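# Structure assessment
The chain contents come next:
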Amino acid sequence: MTPAETKAVAVKGYATHSEEAKFAPFEFTRREVGAHDILIDIEYAGICHSDIHQAKNEWKDAMPTNYPLVPGHEIVGRVSQVGDAVTKFEVGDIAGIGCFIDSCRECANCKNGQEQFCLKGSAFTYNGTEMDRVTKTYGGYADKYVIDENYALKVKADGDLSGIAPLLCAGITTYSPLKRFKVGPGQKVGIVGLGGLGHMGVKIAKAMGAEITIFSTSPSKEADAKALGADHFVVTRDPENLVPLTGTFNMILDTVSADHDVNQYLNLLGVGGAMVVVGVPPSPNQIHAMSLIFGNKTFSGSLIGGIPETQEMLDFCAEHNITSEVEVIKPDYIETAYDRTIKADVRYRFVIDIKNA
Ligand code: NAP
Ligand code: ZN
Ligand code: ZN
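The rules we used
- Residues numbered from 1 in each chain as written.
- Chains lettered and ligands numbered in written order.
- Predicted model: local features only at pLDDT ≥ 70, side-chain atom pairs only at ≥ 80, totals over all residues.
- Heavy atoms only, no water.
- Donors = N, O, S within 2.8 Å, 3.2 Å for Na, K, Ca; no water.
- Helix = DSSP H or I, 4+ residues; strand = E, 2+ residues; numbered from the N terminus.
- Buried < 20%, exposed > 50% of the residue type's maximum accessible area, 1.4 Å probe, protein only.
- Near = heavy atom within 4 Å.
- Polar contact = N/O pair within 3.5 Å; in protein donor to acceptor, adjacent residues only side chain to side chain.
- Expected span 1.5 Å × (residues − 1).
- Contact = heavy atoms within 4.5 Å.
- Pairing = 2+ DSSP bridges.
- Axes fitted to C-alpha atoms, helices over the stretch in contact; angles between N-to-C directions.

### Observations concerning the coordination of the zinc ion (ligand 3)
Bound to the zinc ion (ligand 3) on the protein side are C104 (SG), C107 (SG), C110 (SG) and C118 (SG), at distances that span 2.3 to 2.4 Å. Here the donor residues for the zinc ion (ligand 3) map to a single chain with the spacing C-x2-C-x2-C-x7-C. Here C107 is found in the loop between β6 (100–102) and α3 (108–111), whereas its partner C118 is found in the loop between α3 and β7 (123–124), with 11 residues between them in sequence. Comparing C107 with C118 shows no difference in burial state: the two are buried.

### Considerations on the site of ligand 1
Lining the immediate surroundings of ligand 1 are 30 residues, of which S216, T217, S218, K221 and R349 lie closest. At 2.8 Å, a backbone N or O of I304 approaches an oxygen atom of ligand 1. Per-element tally for the shell around ligand 1: the top contributor is helix α2 (residues 49–55), with 3 residues.

### Let's talk about helix α9 (residues 307–319)
In this model, α9 (13 residues) spans 18 Å end to end at C-alpha, consistent with the 18 Å of a helix rising 1.5 Å per residue. All buried positions along α9 are accounted for by I307, T310, Q311, M313, L314, F316 and C317. Packing partners of the buried residues in α9 comprise β6, β11 (153–154), α4 (170–180) and α5 (196–208). Positive backbone phi, approximately 55°, marks N321, located one or two places after α9.

### Thoughts on the sheet that holds strand β13 (residues 211–216)
Strand order in this open sheet of 6 strands is β14-β13-β12-β15-β16-β17, and the pairing throughout is parallel. Edge positions in the open sheet fall to β14 (232–235) and β17 (298–301), since each of these has one partner strand only. Along the sheet, successive strands turn relative to each other by an average axial angle of 20°, direction set aside. Against the sheet, α4 contacts β12 (188–192), β15 (249–254), β16 (269–277) and β17, and its axis sits at roughly 160° relative to β15. The sheet strands contacting α5 are β12 and β13, and the helix crosses β13 at an angle near 170°.

Take a look at the structure:
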C-alpha cells in the first residue's frame, strides 16, 4: 500500500547516512495513528551524547548503527491527534518521549515498570525497530512522532518547553540511580563530568538534599557548578587533587562519555559506598578487585528508567522547578553542537528548536 492509502504520517527530519556524513533533511513516514496512539508535534529535541556515539557508530560492537539515522530521544511537544481509545491525553496536551517507545508489556520487567529492560527487547526511540521487529524507528530530530499513549509522558509546564526536553533522558538517567541509592541529607555525592547528565545530576541531587562534589576536567566550569548547586568543585586533571578525598563519599555517579580510569574514583568511596556508571565510553574499563574489596564497595550501572519512574522524575522536577540549562539551536547547527559537545564545550545541553525549523 502507498503511504496515502495507509494514512501513514509524513515526517520531516534530519538524518545522517554514515559515520562521517553530515546531517541533512530527510523525509520519511511513521505509522498511521492507531486507536491507542497519539501524534505529537515535536517542539524541541535535546542532543544527548548517546546520539553522537550512535551517529558516529562508536558502539558498533554492542549496538551497531543502522543508517540512515535520525537521532533524538529527549523529545517534547504537543499532542495534535489522539486515537479513539486514548484516555491519558487530549489534543493540546504537552507530552514527552524518552529512549523507548514500546515493549512487550507482558514480561516480568515490563509488568514491573522497567520497560527499558523488556526481556523481549524494548523498542528504542531510534536506531531500533517497533515491536514488529521490522519497522525501523527514527528519533526526535523530526517534526512528528506517533506513539502509544502508554509510552508517552505527561508534562506539566507553562511557556517555554526547551528546558524540559533533556529531562526525558538526562533527567531520568541521573534521577533513577540517585533515588535507588537513597541520596539525601547527610550524604556526600560525587558527580564525575559536568555535561548534560552531570548538570542534571547536580540539580536533582541538590533537591534531594545531598552535599555535592563535581569532578571535572574543565576548570572554567567551577562557577557554573556552584550556581547549579554543587558545594565543591575538583579539577581532575591533577590526580593529586583527589588524594585528600580518599574514603569520603557515599555515592559517586560517573557520567563521563570518553575513556577514563574509574579506579581513581573507587578510592574515594567510604565503607559501603557505591559508584554508579551511567556514561558509556567506547572502550571497556579495568577494575582491580582490591578497589572493591577494601571498603565493601559496590560498582554498579544504571540505564535510564521505566515509564512510571520517568513520570515520577518529571513530577519531581516540576515540583522543585528543575529544568535543564539549554542552548537552543537550529538544525543547521547540529554538526557544530556535536563537535562542541565532544570537546566538553556544552553548557549544558544543546536543544534543537524543531518548532521553528
Ligand atoms: P556530555 O554532555 O558530553 O557530558 C560528558 C562530560 O564528560 C563532559 O562534559 C566532560 O565534563 C566529561 N568528559 C568528556 N571527555 C572527558 C574525558 N576525556 N575525560 C574525563 N571527562 C571527560 O554527555 P552526556 O549527554 O551527559 O552523556 C554522558 C554519557 O552518558 C555518554 O556516554 C552517553 O552515551 C551516556 N548516557 C547514558 C545513559 C544511561 O542510561 N546510562 C543515558 C544517557 C546518556 P567536564 O568538562 O566536567 O570534565
Ligand atoms: Zn540519552
Ligand atoms: Zn517486556
